[in-house]
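# Survey of secondary and tertiary structure
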Amino acid sequence: MTSRDAARAVIGMAEMLAHEIKNPLAGISGAAQLLEMNAGPEDAELTELIQSEVERIGNLLERVEAFGDIGIVRRQAVNIHDVLDRAAKSAKAGFASHVRFVEEYDPSLPPTPGDPDQLMQVMVNLLKNAAEAAPAVGGVLMLKTAYRAGMKVRGPRGRAERLPLQVEISDKGSGAPEDWPPHLFEPFVTSKSSGPGRGLALVSKVIADHGGVISCESQPGFTTFRVLLPVASAADVTDQTDRESAA
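Notes on the structure follow. Since this is a predicted model, take the numbers as computed values, not measurements.

### Overview of the overall build of the chain
- A tally of helices and strands in the chain yields six helices and nine strands.
- Here the chain, with 247 residues, has 38% of them falling under the buried criterion.
- Sequence separation of at least 24 residues holds for 74% of the intrachain contacts in the chain that already meet a minimum separation of 6.
- For the chain, the accessible area works out to roughly 13,500 Å², and carbon and sulfur atoms hold 54% of it.

The structure is reproduced here in structure tokens:
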């Protein structure tokens, strides 16, 4: 399964679960309202609690449904190094304070089109996975960017797409389980003892929304997540310049 296939699987699962849960939820809410009509003071508190919880779950389901429509909120020319710097600062101040960062950036890298906040969240997620895999003492995270002029990837329509911008986030941790790579970006796949493993599935969806792909190479003692992204067009750069001038 490719990262784009995994992204579509996440969307389908989110929409299916939200739809299936909403139907019985409406029945629970209606039953609570009927009970409230003839309930005493103590029971009325319980029915109010039921309706309050039903409403809370309904709001969560709306967020789940919205996941399928996240898309790219604002398309602009994004300097991926600015994104990586923001993500690294956030990581160093929190979950990755125990590791040493090594950065190897290609200063000539052109911008990529997309939403800087969504790309920031992608990098934070990847850094978090890497930091959790790194040892408590002596851990190292490596951030590397490069321009691969001839890099082409077959897109969902079978056409070759140019994705020359490459971002790598590597750790010297224990590595992923042997049976992990083929299923790495599927929903709810994780090697952690807690947590449903949604992070990488969400990452793959955001990257797919940005026209890119993500892959993982892992072996004992070393894991690399590789993100490939397109180059921003002249129109993207012009729009970004206009916005900055207006500001």
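Still more to cover.
### Notes on the packing of aromatic side chains
- If you walk through the whole model with that rule in mind, you get zero aromatic pairs.
- Geometry around Phe101 places Lys92 over its ring, the cationic atom sitting 5.1 Å from the centre.

### Looking at a negative patch on the surface
- Residues Glu36, Glu42, Asp43, Glu45 and Glu48 make up a contiguous surface patch of negative charge.
- Looking at which element gives the most residues to the negative patch, the answer is helix H2 (residues 41-67), with four residues.
- Looking at Glu48, the relative accessible area reads 47%, which means it is partly exposed.

### Notes on the pairing of strand S4 (residues 139-147)
- In terms of strand pairing, strand S2 (residues 99-104) meets S4 through six bridges, oriented parallel. Bridge pairing in S4 places Arg100 opposite Val140.
- Pairing analysis gives seven bridges linking S4 to strand S7 (residues 165-171), with the strands arranged antiparallel. Directly across from Ala146, in S7, lies its bridge partner Gln166.

### Observations concerning the sheet that holds strand S8 (residues 213-219)
- In space, the five strands of this open sheet follow the order S2-S4-S7-S9-S8, with mixed pairing throughout. Every other strand in the sheet has two partners, leaving S2 and S8 as the edge strands with one partner each. The sheet shows a mean angle of 15° between the axes of neighbouring strands, direction not considered.
- One ladder, built from seven bridges, connects S7 with strand S9 (residues 222-229); its direction is antiparallel. In the strand pairing of S9, Ile169 is matched with Phe225.
- Against the sheet, helix H3 (residues 80-92) makes contact with S2, S4, S7 and S9, and its axis sits at roughly 170° relative to S2, the strand it touches most.

### So, the pairing of S9
- Counting buried positions along S9 yields six of eight residues, so the element is predominantly enclosed.
- Joining the antiparallel neighbours S8 and S9 is a turn of two residues, in which Gly221 adopts a positive phi near 90°.

### Concerning helix H4 (residues 116-133)
- Between its first and last C-alpha, H4 extends 26 Å over 18 residues, near the 26 Å set by a 1.5 Å rise per residue.
- Of all the positions in H4, only Pro116, Gln118, Leu119, Met120, Val122, Met123, Val124, Leu126, Leu127, Asn129, Ala130 and Ala131 are classed as buried.
- Put simply, Asp115 is the residue that caps the front of H4, since its side-chain oxygen is 2.8 Å from the backbone nitrogen of Asp117.

Conventions and cut-offs
Along each chain, residue indices are assigned from 1 in the same order as the chain's sequence is written. Residues qualify for local features only when their pLDDT is at least 70, as the model is predicted, and side-chain atom pairs are given and counted only at 80 or more; totals for whole chains, interfaces and linings, by contrast, use all residues. Each side-chain value is derived from all of the structure's non-hydrogen atoms; neither hydrogens nor water enter the calculation. Counting from the N terminus, the helices are the DSSP runs of H or I reaching at least four residues and the strands are the DSSP runs of E reaching at least two. The buried label applies to any residue whose accessible area, calculated with a 1.4 Å probe on protein chains only, is under 20% of its type's maximum; exposed applies above 50%, and partly exposed to all values in between. Contacts were defined at the residue level, with two residues in contact if any of their heavy atoms lie within 4.5 Å. All accessible areas in this document rest on Shrake-Rupley with a 1.4 Å probe, and a residue is counted as covered only by the protein chains that are shown. Pairs were defined over the aromatic rings of Phe, Tyr and Trp, the Trp ring being its six-membered one, requiring ring centres within 6.5 Å. Orientation was assigned from the angle between planes: stacked under 30 degrees, edge-to-face over 60, tilted for the rest. Charge-over-ring placement is defined geometrically: NZ (Lys) or CZ (Arg) within 6 Å of the ring centre, and within 35 degrees of the ring normal. Think of a patch as exposed residues, more than 30% relative accessible area, with no salt bridge, where like charges cluster within 9 Å and nonpolar side chains (Val, Leu, Ile, Met, Phe, Trp, Tyr) cluster within 5 Å. In the sections that follow, a salt bridge refers to a side-chain nitrogen of Lys or Arg positioned within 4 Å of a carboxyl oxygen of Asp or Glu. For this count, His and the chain ends are skipped, Lys and Arg are scored as positive, and Asp and Glu as negative. Working definition for charges: the position is that of NZ of Lys, CZ of Arg, CG of Asp or CD of Glu. Only strands joined by at least two bridges in the DSSP assignment are considered to pair. Only the stretch in contact is used when fitting a helix axis, every axis being a line fitted to C-alpha atoms; angles between N-to-C directions are given from 0 to 180 degrees. Expected helix span is given by 1.5 Å per residue-to-residue step, counting one fewer step than there are residues. For this analysis, a polar contact is any N or O atom pair within 3.5 Å, provided that within protein one partner can donate a hydrogen and the other can accept it, and provided that sequence-adjacent residues contribute only side-chain to side-chain pairs.

Fair warning: the whole summary comes from geometry, so function is off the table for now.
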